[in-house]
Every structure is written in C-alpha cells, then in structure tokens.
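# Analysis of the macromolecular model
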Amino acid sequence: MIANELISVVVPLYNEAENVQPLLERIRTALTALRYELILVDDGSRDATVRQVRQYADAQTKLVVLARNYGQTAAMAAGIDAAQGDYIVTLDGDLQNDPADIPAMHQLAQTGDWDVVAGNRANRQDGLLLRKLPSRLANALIRRLTGVYIDDYGCTLKLFRRDIAKNLGLYGDMHRFIPPLAVLQGARITQMNVRHHPRLHGASKYGLGRIGPVLSDLLLVLFWQRYFRRPMRLFGPLAAVSLLAGAGVSIYLLIQKLMGATLGGNSLLLLAAVLLLGGFQLLAFGLIAEMQMRTYHESAHKPTYRVREIIEAE
Ligand code: UDP
Ligand code: MG
C-alpha cells in the first residue's frame, strides 16, 4: 500500500449554492484520514454557488469555473482534467451520494484488483416512476449491449485509477456510459453498494426532457458497438444484396435477349439499373462513412468546455 496516494474528489455543481457548505463539511469529515484534493466545477451556475465556494473553500479546494452551462458530463470532464490525484472520485454536489463511502471504495481499489469501483445505489432515493423505472430499463439495455455487468451505470459516485479517468473521452451525455467507456480502456471494474439520500436542497436538474437525449445516447452506443466503428459492416452487405440482385436481373434479361426477345419497354431493365446504381452508391456511402469515422475519432479529442477561471487558495 502506498501511503502517500492522492485522491482527487471531483464534484460538478450547477445551481447548488445551498448545498456547498454541507457538501464541503461532509467531504472533510469523511476524508480526514486520507490525502485528498477537492475539485469543484461550477457549470455556469446562475445562483450564489461560486460565492459560496469562495467563502467555504480551504487550501485543498480548487474551483474550476466554466464559461457557461455545458451539462454534467462536460463539467465532470473539466474536473477530471484538472485533477492531479492517483485516484479520481466523482460525486454529485447535492449530497445524494455520501462522501462517507469514499474510504471504503479507495480501500477496495487499493487491493490492486480493480481500476474502477462503481457505486451501486442499492437503496436509491428517487421517484419510482420517472426515475427508477427508466433507469432500470436503461441499465438492463446497457448491460446487454455492452456486456459490462454492473447494476447501476448512472450513479455518479465512482472511483477511478487516474489513467482510466483521464482517458474516458467524455462528451455529450456520456457520463451515463462511463463503465463501458472505461472497459474500452481496458479497465477492470467492480461495484460496491453505496448509500443514497434524497436531494438535500434545491431540485433535480433533470426532468422528463432527459429521456430523449439518454435514448439517443443509448442508440449511439448500440450502433457504435455494431457499426459505427466499421460502417462498411452496415453498408457493405446492403450494397452486396443490391448489386447481386441487379446482376441477377441483368443476367435474366441477357438470357432473354439471347433467346431473341425484344427488351425495349421492359420494366425489369429499369429495375436492374436502379439496383446496380443503388448498390454502387451504398458502397460509396460506406466508404465515405469509414473515412468520416476517422475524422470523428480525431475530433472527439476537441475540448467540450471552456474554462473561465480556476480559483485556488493562495
Ligand atoms: N449538474 C451539472 N450541470 C448540469 C446539470 C447537473 O453540473 O447541467 C450537476 C448537479 O449540480 C449535481 C449533479 O450534476 O451535482 C447531478 O445533478 P442532479 O442532482 O440534478 O441529477 P439527479 O440526481 O436528479 O440525477
Ligand atoms: Mg441529484
């Protein structure tokens, strides 16, 4: 065991002014025995979040102020980028996650067997119909699609080894797919039951409106697994079917012609032309998509947020 390991605790904050002071207190209490830094990310809050952080921050606290509201995923990415720890822990700012779980997660990671310890909200304190049921469905789907077998993908409370966290490549609403993203990095992942509390102050930043983006992310993950990495796997077979059918019809027409039939005005002629042309177009489309994928991979490293300032204790 390396006694001097540093833990970075990353917390995204969007309009969490009332939660800042209790959050800082509970993190300090929970982590007294550990060496840690606290990276708070203000995600374009319109309330007194930044003022509250300035008031209650200590020497261990760093505040990254984003230029506007970019969303939870980008805020987490900004915090992870700023973190210097050997381990990086992500945590919600509304005290639904409990900082008191962090030492046990750290201990589990220190066995050296795991690169990611994912919190499992075994006793989740959110509404059943609008929150828990959709999550259960999404969790089952993600589990099947990705083959990463944990129970609760959406729990923000997670602990990562530094190199895994730094290479997640988060964008969009991808914080919900961090476990499969980590596994793509070769991470060995395990889960641990953690406490979950009702939100301390304020209201959830998400409503029904998130179902759309989450579903589209889910589809993206599905397609990513199957086709996006190699678009030719999608377009290649389609092109082959079209080209083969076109060739078949052409051969049939050729045989008819050889047997003396007149082909003028034969609608099969049009069908053959459409199938052949369509087939070539599908093939070309697949090739272009293949090239586009490379651009996509490269552009995925573009920053997804802009930092206005970083505030640290003098
Ligand atoms: N959050 C953020 N940017 C946003 C929305 C949310 O940084 O645009 C933060 C928020 O302040 C909280 C965490 O993400 O610390 C989780 O948000 P919330 O509690 O509203 O989500 P829920 O627990 O309802 O899923
Ligand atoms: Mg919450």
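Residues numbered from 1 in each chain as written. Chains lettered and ligands numbered in written order. Predicted model: local features only at pLDDT ≥ 70, side-chain atom pairs only at ≥ 80, totals over all residues.

## Points about the overall build of the protein
Scanning the protein for helices and strands turns up 10 helices and 8 strands. Since a compact globule built from 314 residues should have a radius of gyration of about 20 Å, the 26 Å found for the protein marks it as more spread out than a globular shape. Across the 314 residues of the protein, 34% fall into the buried class. In the protein, 81% of the contacts between residues at least 6 apart in sequence involve partners at least 24 apart. (Helix = DSSP H or I, 4+ residues; strand = E, 2+ residues; numbered from the N terminus. Rg over C-alpha atoms; globule rule 2.2 N^0.38 Å. Buried ≥ 20, exposed ≤ 12 C-beta atoms within 10 Å, placed from the backbone. Contact = placed C-beta atoms within 7 Å.)

## Looking at the domain arrangement of the protein
Buried accessible area, meaning the area lost when the parts come together, often serves as the stated size of an interface. The domain architecture assigned to the protein consists of domain 1 (6-227) and domain 2 (232-298). Computed over C-alpha atoms, the centres of domain 1 and domain 2 are 49 Å apart. (Domains from an automatic or database assignment.)

## Some details on the UniProt feature "transmembrane region" (unreviewed entry) in the protein
Following the UniProt record, the feature "transmembrane region" (unreviewed entry) maps to residues 234-255 and 267-289 here. Across residues 234-255 one finds 100% helix and 0% strand; the C-alpha atoms that close the span lie 33 Å apart. (UniProt positions renumbered as here; feature names shortened; annotations may be inferred.)

## Focus: helix α1 (residues 17-31)
Relative to the 21 Å expected for 15 residues at 1.5 Å per residue, α1 spans 22 Å between its end C-alpha atoms, a close match to the ideal helical length. Residues of α1 that are buried include every one of Asn19, Val20, Leu23, Leu24, Ile27 and Leu31, and no others. The secondary structure elements touched by the buried residues of α1 are β1 (6-13), β2 (35-42), α2 (49-56) and α4 (102-110). (Expected span 1.5 Å × (residues − 1).)

## As for the site of ligand 1
In the neighbourhood of ligand 1, 16 residues make up the surrounding shell, with Pro12, Tyr14, Gly93, Ser204 and Lys205 lying closest. Secondary-structure elements contributing two or more residues to the shell around ligand 1 are β1 and α3 (72-82). The residue inventory of the shell around ligand 1, partitioned by class, reads 5 nonpolar, 6 polar and 5 charged. (Near = placed C-beta within 6 Å. Nonpolar A, V, L, I, M, F, W, Y, C, P; charged D, E, K, R; others polar.)

## Describing the packing of α1 against α2
It is at 8 Å that the axes of α1 and α2 come closest, and there the two elements cross at 25°. Overall, the two elements α1 and α2 adopt an arrangement that is roughly parallel. The hand of the α1/α2 crossing is right-handed. Here Ala17, Val20, Gln21 and Leu24 of α1 lie close against α2, whose contacting residues are Thr49, Gln52, Val53 and Tyr56. In terms of residue class, the contact of α1 with α2 is built from 5 nonpolar, 3 polar and no charged. (Axes fitted to C-alpha atoms, helices over the stretch in contact; angles between N-to-C directions. Parallel < 35°, antiparallel > 145°, perpendicular 65-115°, else oblique. Left-handed = near helix turned anticlockwise from the far one by under 90°.)

## Comments concerning the pairing of strand β6 (residues 158-161)
Both faces of β6 are covered, namely the face carrying Lys158 and Phe160 and the face carrying Leu159 and Arg161. Strand direction decides the pairing type here: strand β4 (residues 87-90) and β6, joined by 4 bridges, are antiparallel. Paired with Thr90 across the bridge in β6 is Lys158. (Pairing = 2+ DSSP bridges.)

## Some remarks on the pairing of β4
Taken residue by residue, a regular strand's side chains alternate between the two faces of the sheet. Side chains Tyr87 and Val89 project from β4 onto one buried face, and the interleaved Ile88 and Thr90 project onto a second face that is buried too. Strand direction decides the pairing type here: β1 and β4, joined by 4 bridges, are parallel. If you follow Val9 over to β4, its bridge partner there is Val89.

## Regarding the UniProt feature "domain: Glycosyltransferase 2-like" (unreviewed entry) in the protein
According to UniProt, the positions carrying the feature "domain: Glycosyltransferase 2-like" (unreviewed entry) are residues 8-168. Summarising residues 8-168: 42% helix, 20% strand, and an end-to-end C-alpha distance of 16 Å.

## Points about the environment of Leu275
Looking at the secondary structure, you find Leu275 in helix α10 (residues 267-299). Remark: the alpha-carbon pair of Leu275 and Ala138, spanning 137 residues in sequence, is separated by 39 Å. If sequence neighbours within four positions are ignored, Leu275 has contacts with Ser242, Ala245, Gly246 and Val249.

## Concerning the sheet that holds strand β3 (residues 61-66)
The strand order across the open sheet built from 8 strands is β7-β5-β6-β4-β1-β2-β3-β8, with neighbouring strands paired in mixed fashion. Each edge of the open sheet is held by one strand with a lone partner, namely β7 (189-193) and β8 (307-312). On average, each strand axis in the sheet is inclined to that of its neighbour by 20°, with strand direction left out of account. Pairing analysis gives 8 bridges linking β1 to β2, with the strands arranged parallel. Across the sheet, residue Leu13 finds its bridge partner in β2, namely Asp42. Across the sheet, α2 lies against β1, β2, β3 and β8, angled at about 155° from β2, the strand it touches most.

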